[in-house]
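Structural overview for review
Here are the chains, one letter per residue:
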Amino acid sequence: MLKNKVFLGIDTSCYTTSIALLDEQGQTVHMAKKMLDVASGNRGLRQSEMVFAHTRNLPLLMQQLDFNNVQVEAIAVSNQPRADEDSYMPAFLAGKGLAQSLAHALHVPLYMLSHQENHMYAGIWSSQMPQLDSFLFVHISGGTTELIAVNNGQHTLLSGTQDISAGQFVDRIGVRLGLGFPAGAALEQLAKLSSLDVELPVAVRKGRISFAGPCSAAMRMLDAELVTKQDLAAAVQQCIATSLFRAIRYFVTEQRLKAVLIVGGVACNAHIKQFLHSKLDKLQIKAYFAQPEYSADNALGCAVFARNSYHAGNNLLDK
């Protein structure tokens, strides 16, 4: 029987274990993923806890995917947070170890990329962004808020937050409001109940964003009982949206770019997405957003990268 060719992606990030299968045509995706459990009131996990959880989750997720009548042609795995020599996090060792073992057993190529690049490839695929020589890549998540210029395959970090990320801002306020961790989805729902326009300070200078100041201001408002939970939730997401727009506007102007790809868990927020779409459209900047399912942590980007690199005959990122 002729087997269907597929490409396997594996990603073990700080808070999600994920594996994905992509078909030869690059059209059909089968994915299994599980968020890591965080105790109520906590704002994260230790690296040892992440590694333990991924090690436990990976066999269970593999069993959820149907490997009958398929032939794995290549595997790709995220092996570090960012494409930087000094970027390292033990959580990615769990996925990397499994990928290396499978590639050896199956005699198939193994390609490695960063977790951030995994997000980029998932965003390009799920947003149906056309092939562009140059664009601004914006990654906003629990651990990262970075703006990267992509020019003919070369990635240049333009800016990141000077302190905490957009996701950390959301989670710190969310946990303080009694929401679960991560708090993004719950905070968005709470903000929909707001009827009062409450503003938080916005700190963006030459494209560099600071969320520590706005976060402190939000905490002070809570301590003084000057705002309701729902109004503060709305203020937080608006602060993030405005901050991102100002940073994006600065760099698309400086770099003379006409397209922006926005990915990451924070990019799932409908209000932030709508605000950026509206503002960037007025500047004649085309904004592409990963579909929500593939914007938060997932392994699709790895599977896409495995397919693309396999057909190119080499690792497209030359790692």
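Described in the following lines is the structure provided in the data block. A quick note: this is a predicted structure, and the numbers were derived from the prediction, not measured. (Residues numbered from 1 in each chain as written. Predicted model: local features only at pLDDT ≥ 70, side-chain atom pairs only at ≥ 80, totals over all residues. Heavy atoms only, no water.)

This part is about the pattern of salt bridges. Tallied over the full model, the rule gives four salt bridges. With a shortest N-O distance of 3.3 Å, Glu 49 and Arg 46 are connected by a salt bridge. Assessed through its relative accessible area of 30%, Glu 49 is described here as partly exposed. With a shortest N-O distance of 2.9 Å, Arg 82 and Glu 146 are connected by a salt bridge. Here Arg 82 is found in the loop between β4 (70-78) and α2 (91-106), whereas its partner Glu 146 is found in strand β7 (residues 145-151), with 64 residues between them in sequence. Owing to a relative accessible area of 12%, Glu 146 belongs among the buried residues under this scheme. (Salt bridge = Lys/Arg side-chain N within 4 Å of Asp/Glu carboxyl O. Buried < 20%, exposed > 50% of the residue type's maximum accessible area, 1.4 Å probe, protein only. Helix = DSSP H or I, 4+ residues; strand = E, 2+ residues; numbered from the N terminus.)

Turning to the packing of aromatic side chains, a few remarks are in order. Counted by the stated rule, this structure contains eight aromatic pairs. Where Tyr 250 meets Phe 251, the ring centres are 5.0 Å apart and the plane angle is 90°; that geometry is what we call edge-to-face. The class for Phe 251 is buried, based on a relative accessible area of 4%. Following the ring pairs from residue to residue traces out a cluster consisting of Tyr 111, Tyr 121 and Phe 305. Here Lys 279 stacks its cationic end above the ring of Phe 245, 5.9 Å away from the centre of that ring. Against the face of Tyr 288 rests Lys 286, its NZ or CZ located 5.6 Å from the ring centre. (Phe/Tyr/Trp six-rings, centres within 6.5 Å; stacked < 30°, edge-to-face > 60°. Lys NZ or Arg CZ within 6 Å of the ring centre and 35° of its normal.)

For α2, built from 16 residues, the straight-helix expectation of 22 Å at 1.5 Å per residue is met to within 8% by its first-to-last C-alpha distance of 24 Å. Along α2, the positions that sit buried rather than exposed are Ala 91, Phe 92, Ala 94, Gly 95, Ala 99 and Ala 103. One face of α2 carries all of its buried residues, which in axial projection span an arc of 155°. Exposed residues pointing more than 90 degrees away from the buried face of α2 are listed as His 104 and Ala 105. (Expected span 1.5 Å × (residues − 1). Arc of directions from axis to C-beta.)

What follows deals with the packing of helix α4 (residues 166-176) against helix α6 (residues 212-223). Axis separation between α4 and α6 bottoms out at 10 Å; the angle between their running directions is 10°. In this view, α4 runs roughly parallel relative to α6, as classed from their interaxial angle. Taken together, the residues of α6 that come into contact with α4 (itself represented by Phe 169, Arg 172, Ile 173 and Arg 176) are Pro 214, Cys 215, Ala 218, Met 219, Leu 222 and Asp 223. A class-by-class count of the residues in the contact of α4 with α6 yields seven nonpolar, no polar and three charged. (Axes fitted to C-alpha atoms, helices over the stretch in contact; angles between N-to-C directions. Parallel < 35°, antiparallel > 145°, perpendicular 65-115°, else oblique. Contact = heavy atoms within 4.5 Å. Nonpolar A, V, L, I, M, F, W, Y, C, P; charged D, E, K, R; others polar.)

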